[in-house]
Amino acid sequence: MNILLLNPPYYFRGSNYLRISRKAIAAPPLSLALLKAELQQEGHAARVADFSLDLWEDVASFFRRLDPVPDLIGVTTLTLQHLNAFRLLEFVDRLTPRPVVVYGGPHVTALDRQALAHYPGIDYVLRGEGDHSLVELVRSLETGGDPAAVGGISCRRDGQVLRAPDRPVIRDLDALPFPDYSDYDLERYRDHSLPEISFPGRLRRATREARPIRIHVAASRGCPARCHFCYSIWGRNWTPRSPAVVLDEIRHLHETTRFRHLQFVDDTFNVDPERVKAICQGILDSRLAFTWECGARVDVADREMFRLMRESGCIRCAFGVPSTDDALLKQVNKEALARQIELAFTLAAEAGLWADATVLVGNLGETRRTLRNTADTLARCRIKGLSAQRI
């Protein structure tokens, strides 16, 4: 089957997000690169188009030149870009013959019924992890099977939304193929946001490049925490990949993409400090020249872990800090205390890491006092960067 996978634009008219994203968070979408690799492994012709940095004029031009028309189009949807994801249907509906349309990602996983009810152009929704669901759906369509029987699928039948049972999370992530980045123009994904931190020896080459190509790697999926404000397509499960396979993927991507900066996109990179140390030591042993960053929990702060992270090229570590008020932390079930937050920033700074704070504003119970408490605590922590998200 001929399959096209799409990542919608982030651009909204009147916004400056396009300019910001080019300077800060641009990276080739990992999820679509993974799906492409899995589809090709099954013998399908799969292609990826990333519109995240494009304007609608670019999207229109792409669809005018699209030849041949694919048999199936898959679209990924984050809530941030869900309106743009649905707007892509305007272009898809003009194609002849009309392809099968499949939507996946966190937004439609949570709101599959609404997506199917409001957007008749969507034929199927993949809930949760799409790795196996998409392959099985394509197989069912090719063989005349019943797509509604594929685990994790939502679709319409006789005017009603049918929901197949949820698919269990994938436990053997090591068995998945490495992502295929070959469709991306990697020159578009040069990172403008990295802090200026000097490294000795082999890492000097990587830090000398002002705007290195950035790619994503997932060393695990999910998070074992039970924070009330968080939604995850993996539920409350944490599934790690083995350090050996993670390191094999890094070596493979370094050879095929020549990246100079890597972002671990795990929900929580440091769930198991010993595993983090093994990955860091493997990076050191590989002698590859690149820098990297990750997100981490404050209640798993380990001095030796931070030291190895820094030595292996970690430039930045972002800690999730919904608040520094202990009563509010307990209310949102963060399972961390203010003193642990301060300790994590202190140990990270001692190791030479650039430590950022990702703060949530507006949790139930938030007051001017708790906001001032958080601001004062983070000032003492001497954080290097701040990202505030309003609930």
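Anyway, here's the lowdown on the structure attached to this text. (Residues numbered from 1 in each chain as written. Predicted model: local features only at pLDDT ≥ 70, side-chain atom pairs only at ≥ 80, totals over all residues. Heavy atoms only, no water.)

**Section: helix H10 (residues 243-257)**
Okay, step 1: For H10, spanning 15 residues, the distance from its first C-alpha to its last is 21 Å, which sits close to the expected 21 Å at 1.5 Å a residue.
Okay, step 2: Those residues of H10 lying buried are Val 245, Val 246, Leu 247, Glu 249, Ile 250, Leu 253, His 254 and Thr 257.
Okay, step 3: Tucked inside the fold, the buried residues of H10 contact strand S8 (214-217), strand S11 (261-264) and helix H11 (273-286).
Okay, step 4: A positive phi of about 60° marks Arg 258, the residue just after H10. (Helix = DSSP H or I, 4+ residues; strand = E, 2+ residues; numbered from the N terminus. Expected span 1.5 Å × (residues − 1). Buried < 20%, exposed > 50% of the residue type's maximum accessible area, 1.4 Å probe, protein only. Contact = heavy atoms within 4.5 Å.)

**Quick word on the sheet that holds strand S15 (residues 385-390)**
Okay, step 1: With respect to topology, six strands assemble into an open sheet ordered S8-S11-S12-S13-S14-S15, the strand pairing being parallel. Of all strands in the sheet, those with a lone pairing partner are S8 and S15, marking the two edges. Looking at each pair of strands side by side, their axes are set apart by 20° on average, direction ignored.
Okay, step 2: When strand S12 (residues 291-296) meets strand S13 (residues 314-321), the two strands line up parallel, connected through five bridges. Looking across to S13, one finds that Glu 293 is bridged to Arg 316. (Pairing = 2+ DSSP bridges. Axes fitted to C-alpha atoms, helices over the stretch in contact; angles between N-to-C directions.)

**Examining the side chain of Asn 7**
Okay, step 1: Position of Asn 7 among the secondary structure elements: in strand S1 (residues 2-7).
Okay, step 2: Contact partners of Asn 7, with chain neighbours within four places excluded, come to Pro 29, Leu 32, Ala 49, Asp 50, Phe 51, Ser 52, Thr 76 and Gln 81.

**A closer look at the packing of aromatic side chains**
Okay, step 1: Taken as a whole and judged by the stated rule, the model has 15 aromatic pairs.
Okay, step 2: Measuring from ring centre to ring centre gives 5.9 Å for Trp 56 and Phe 91, while their planes differ by 5°; the resulting arrangement is stacked. Here Trp 56, found in helix H3 (residues 56-64), pairs with Phe 91, found in helix H5 (residues 89-92); they are 35 residues apart in sequence, far enough to count as distant. Accessibility classification places Trp 56 together with Phe 91 in one group, the buried group.
Okay, step 3: Both rings, one in Phe 264 and one in Phe 269, keep their centres 4.6 Å apart while their planes meet at 25°; by these two values the pair is stacked.
Okay, step 4: Residue Phe 264 is classed as buried on the basis of its relative accessible area of 1%.
Okay, step 5: Among the aromatic residues, those joined into a ring-pair cluster are Phe 51, Trp 56, Phe 62, Phe 63 and Phe 91.
Okay, step 6: Over the face of the ring belonging to Phe 91 we find Arg 94, whose NZ or CZ atom lies 5.2 Å from the ring centre. (Phe/Tyr/Trp six-rings, centres within 6.5 Å; stacked < 30°, edge-to-face > 60°. Lys NZ or Arg CZ within 6 Å of the ring centre and 35° of its normal.)

**Thoughts on the sheet that holds strand S7 (residues 160-163)**
Okay, step 1: Strand order in the open sheet made by the seven strands is S2-S1-S3-S4-S5-S6-S7, with mixed pairing throughout. In the strand order of this sheet, the two ends are held by strand S2 (45-50) and S7, each with one partner. Taken over all neighbouring pairs, the strand axes of this sheet differ in orientation by 20° on average, direction set aside.
Okay, step 2: Of the pairings in the sheet, the one linking S1 to strand S3 (residues 72-76) comprises four bridges and is parallel in character. Within S3, the residue paired with Ile 3 across the bridge is Leu 72.
Okay, step 3: Here helix H2 (residues 30-41) sits on the sheet in contact with S1, S2 and S3, set at roughly 170° to S1.
Okay, step 4: Contacting S1, S2 and S3, H3 runs over the sheet at an angle of about 175° to S1.

**Considering empty space enclosed by the protein**
Okay, step 1: Taken as a whole and assessed by the stated rule, the structure comprises one cavity of 30 Å³ or more.
Okay, step 2: Roughly 120 Å³ of volume is contained in the largest cavity.
Okay, step 3: As for the largest cavity, its lining consists of Leu 30, Leu 34, Leu 173, Leu 176, Pro 177, Pro 179, Ala 218, Arg 221, Arg 241 and Glu 249.
Okay, step 4: Considering only residue class, the lining of the largest cavity consists of seven nonpolar, no polar and three charged. (1 Å grid on protein atoms, 1.4 Å probe; cavity = no way out; pocket = protein on both sides within 12 Å on 5 of 7 lines; lining within 4 Å. Points joined across faces, edges and corners; volume = space filled by probe spheres on them. Nonpolar A, V, L, I, M, F, W, Y, C, P; charged D, E, K, R; others polar.)

**Considering the pattern of salt bridges**
Okay, step 1: By the definition in use, this model includes 27 salt bridges.
Okay, step 2: A salt bridge links Asp 131 to Arg 221; its shortest N-O distance comes to 3.0 Å. One end of the pair, Asp 131, is in helix H8 (residues 131-143); the other, Arg 221, is in strand S9 (residues 220-222), with 90 residues separating them in the sequence.
Okay, step 3: Under the relative-accessibility criterion, Arg 221 is labelled buried at 11%.
Okay, step 4: When salt bridges with common partners are traced through the structure, they connect Arg 214, Glu 293, Arg 316 and Asp 356 into a single cluster. (Salt bridge = Lys/Arg side-chain N within 4 Å of Asp/Glu carboxyl O.)

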